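# Understanding the architecture of this molecule
Chain by chain, the residues:
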Amino acid sequence: MMQFQGRTVLSGRGRGPALFTDQAVNFTAAFTKAGNLLPWKRGQFHDRHHPWFGEQVRGKVLVFPACIGSTHTGLVILDLVRMEEGPAALIVDRADSLLVSGIVLSAVWYGPSITVVEYSTAELREAVLAGQLLDVDGDTGIITF
Amino acid sequence: MELTETQRAMLDGAEGPELRLALETLVNYGKAFGARRLVPIKSAHFTGSFAISVYRGYYELLDRLVRAGVRVRVPTTINPRPGRDFSLPNRLLAFRRQLHHEAQLARLGVTPNYSCVCYMEANVPQFGDVLGWAESSAVVYANSVIGARTNRNSVMMDVCMAVTGLTPEFGLLLDENRRGGTLVKLDIDRMDAAALGYLVGRRLVDRVPVLEHYPFNRVQLKNMGAAMAAAGGVGLFHVVGVTPEAPTLEAVFDGEPAETIMITQRDLDALRAEPPLRQSAEMVVFGCPQMTLDEVHEVGRHFVGKKAARRVLFHVVPADLERLKAEPLHAQLLDAGVELHAHCPLAGLSLRLSPWKKNMLTPSGKLHYYLEGADYGTLDDALCAAGVKE
């Protein structure tokens, strides 16, 4: 077991297999394609510019450097989180306003939330293998695998 | 967070449960970034103009606000329509709730400008104004070119700001986060602002780029910023001697830049689709962000007296399209086969629901990023593919 002390952005707790990338994520480009119209593909990543193309994010701990792109990001994340069809937790180098928005909107207006913790994603990629189970405690900021 | 008495009362439900939740949203949003107070905004701009039928949460919340009789407290504009007239499948499936959505926006008190280029006419901020804006291309223009202050706010967060008239103070609202991050040196013979924006966004992600002096016009600044905010998360850039917060290099960096990158002509050229691909495009698409009247004049003059070799689509700010109708150029463009639209190209084209992929060519860095099958070409490449330039 190994632990890393991150910085809490949004509290909560999440556990799931890790999905890593060194590329910033554009949630709007990833989840608003024609393919996402099918309910069972809602959580499938459809951005061809990104190495996660084709990945299912549901229940996973997403580890990526930053969030980029459109302000529709909150529309996408709000639904993924409130319907509990999205990731289990998020670990980023730097949390940005769009990433946090969708989760806060779900938490305040609907209830369901997920945790966001800041930690060096490059360092985590070195230490953890893709698919390994990560436990993210957003109350303490501790990431365990 | 320190709240004023009025804000505290709103958070306690004095103005109803909907405003209580809207304010709680802003407080929690701000707390995540260490904001210490909520500050008043001069205006809002909403990004969520499409009723995208796979998504529900945002629309349910708007319905709830409207039922409670909530209205915006500051002048508020809205992004383009999705082009629901574009195809029957779109009308029946993807955007079938569009009319209801537009009626709800009207009930909230939103100005029906239906353009992402709100900052040129419908909603023009002043230097230093604090805004509650969404739409990444509008946010980056307001911050960079006008010197107003807004974070990159999301769908629905923009609504919470408009109905309360407040925004949490953090990020790009604070002086220390508006300083230069990275100096971008240019070694370019043929400027292509959209391609440059795309590359800067891709390389710098969310740092604050400071471009060496180049006399960009406002159309170039619009298209460059939009690409930075699509391929990256840029909410503010500076151009030395052009944008208001960067009179000199020293002023914007407080001394020496910590980091410098170089973008060359070769980098710009590498973004262009190969010539065979450019010539196989079925459509040539202009206007993301929507074209202003200046831009229609600049691009449109090449089509006068000619016939487009393939489908050519112009997406124009609605108010500017109305003005264009009074000019001879309007008929000349239609004669040349140019299709003139006032909706969003991304929404209009992305849900075509066709089983085969169509190739498109576009000189928009933003559209190239978002739209599957949209290859990038310079303005000249696009005009050549359209068959109106050698």
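Nothing here was measured: the structure is a model prediction, and the numbers come from that model.

Within chain B, the regular secondary structure consists of 18 helices and 14 strands. Relative to the globule expectation of 21 Å for 390 residues, the C-alpha radius of gyration of chain B, 21 Å, shows essentially globular dimensions. Every one of the 390 residues in chain B was classed for burial, and the buried ones make up 61%. Considering only contacts in chain B between residues 6 or more positions apart, those separated by 24 or more positions represent 77%. In the structure as shown, chain B presents an accessible area of about 14,700 Å², 51% of it carried by carbon and sulfur atoms.

The next subject is helix α8 (residues 193–204) of chain B. All names here are of chain B. Taking 1.5 Å per residue, twelve residues should reach 16 Å; α8 reaches 16 Å between its end C-alpha atoms and fits that length. Counting buried positions along α8 gives ten out of twelve residues, so the element sits mostly inside the fold. Those residues of α8 lying buried are A193, A194, A195, L196, G197, Y198, L199, V200, G201 and L204. Where α8 ends, the next residue or the one after it, V205, has phi of about 50°, a positive value.

On to the state of the cysteines, then. Two cysteines form a disulfide when their sulfur atoms are joined by a covalent bond. With the rule as written, the count across this model stands at zero disulfides over all chains. With no disulfide of its own, C67 of chain A has C160 of chain B as its nearest cysteine by sulfur position, at a separation of 18 Å. Residue C67 of chain A is classed as buried on the basis of its relative accessible area, which comes to 2%. The exposure class of C160 of chain B is buried, given its relative accessible area of 1%.

Between chain A and chain B, the contact holds 43 residues from the first and 49 residues from the second. Between chain A and chain B, roughly 3,700 Å² of surface is buried when both sides are summed, and carbon and sulfur atoms account for 62% of that area. Of all residues in chain A, H49, T71 and W109 of chain A bury the most surface against chain B, accounting for 21% of the area lost on that side. Inspection of the region where chain A meets chain B yields one salt bridge.

The next subject is the sheet that holds strand β7 (residues 133–137) of chain A. All names here are of chain A. A sheet is described by the order of its strands in space; here eight strands give the open sequence β1-β8-β7-β3-β4-β5-β6-β2, paired in mixed fashion. Each edge of the open sheet is held by one strand with a lone partner, namely β1 (3–5) and β2 (7–10). Averaged over all pairs of adjacent strands, the angle between their axes in this sheet comes to 30°, without regard to strand direction. Taken together, the three bridges between β7 and strand β8 (residues 142–144) define a ladder with antiparallel strand orientation. By the bridge assignment for β8, D135 is matched with T144.

Residue and element names in this part refer to chain B. Positionally, E15 belongs in the loop between α1 (5–11) and α2 (17–32). Since its relative accessible area comes to 34%, E15 is described here as partly exposed. Once the C-alpha coordinates of E15 and L131 are considered, the two residues, 116 residues apart in sequence, prove to be 23 Å apart. Excluding residues within four positions of it along the chain, E15 makes contact with M10 and R73. Side-chain polar atoms of E15 contact the side chain of R73, separated by 2.6 Å.

What follows is about the packing of α2 of chain B against helix α7 (residues 157–164) of chain B. All names here are of chain B. Taken N-terminus to C-terminus, the directions of α2 and α7 make an angle of 120°; their axes are 9 Å apart at the nearest point. On the basis of their axis angle, the class for α2 and α7 is oblique. The handedness of the crossing between α2 and α7 is left-handed. For the pair α2 and α7, the contacting residues are L19, A22, L23, T25, L26 and Y29 in the first and M157, C160, M161, V163 and T164 in the second.

Before going further, it helps to spend a moment on the domain arrangement of chain B. All names here are of chain B. Here the domain parsing of chain B yields domain 1 (5–175), domain 2 (179–271) and domain 3 (275–386). Computed over C-alpha atoms, the centres of domain 1 and domain 2 are 27 Å apart. Taken together, the contact between domain 1 and domain 2 spans 18 residues of the former and 15 residues of the latter. Buried surface at the junction of domain 1 and domain 2, both sides included, amounts to about 1,400 Å², of which 66% is carbon and sulfur.

Procedures and definitions
- Residues numbered from 1 in each chain as written.
- Chains lettered and ligands numbered in written order.
- Predicted model: local features only at pLDDT ≥ 70, side-chain atom pairs only at ≥ 80, totals over all residues.
- Heavy atoms only, no water.
- Helix = DSSP H or I, 4+ residues; strand = E, 2+ residues; numbered from the N terminus.
- Rg over C-alpha atoms; globule rule 2.2 N^0.38 Å.
- Buried < 20%, exposed > 50% of the residue type's maximum accessible area, 1.4 Å probe, protein only.
- Contact = heavy atoms within 4.5 Å.
- Areas by Shrake-Rupley, 256 points an atom, 1.4 Å probe, with all protein chains shown as cover.
- Expected span 1.5 Å × (residues − 1).
- Disulfide = S-S within 2.5 Å.
- Buried area = accessible area lost by both parts, 1.4 Å probe.
- Salt bridge = Lys/Arg side-chain N within 4 Å of Asp/Glu carboxyl O.
- Pairing = 2+ DSSP bridges.
- Axes fitted to C-alpha atoms, helices over the stretch in contact; angles between N-to-C directions.
- Polar contact = N/O pair within 3.5 Å; in protein donor to acceptor, adjacent residues only side chain to side chain.
- Parallel < 35°, antiparallel > 145°, perpendicular 65-115°, else oblique.
- Left-handed = near helix turned anticlockwise from the far one by under 90°.
- Domains from an automatic or database assignment.

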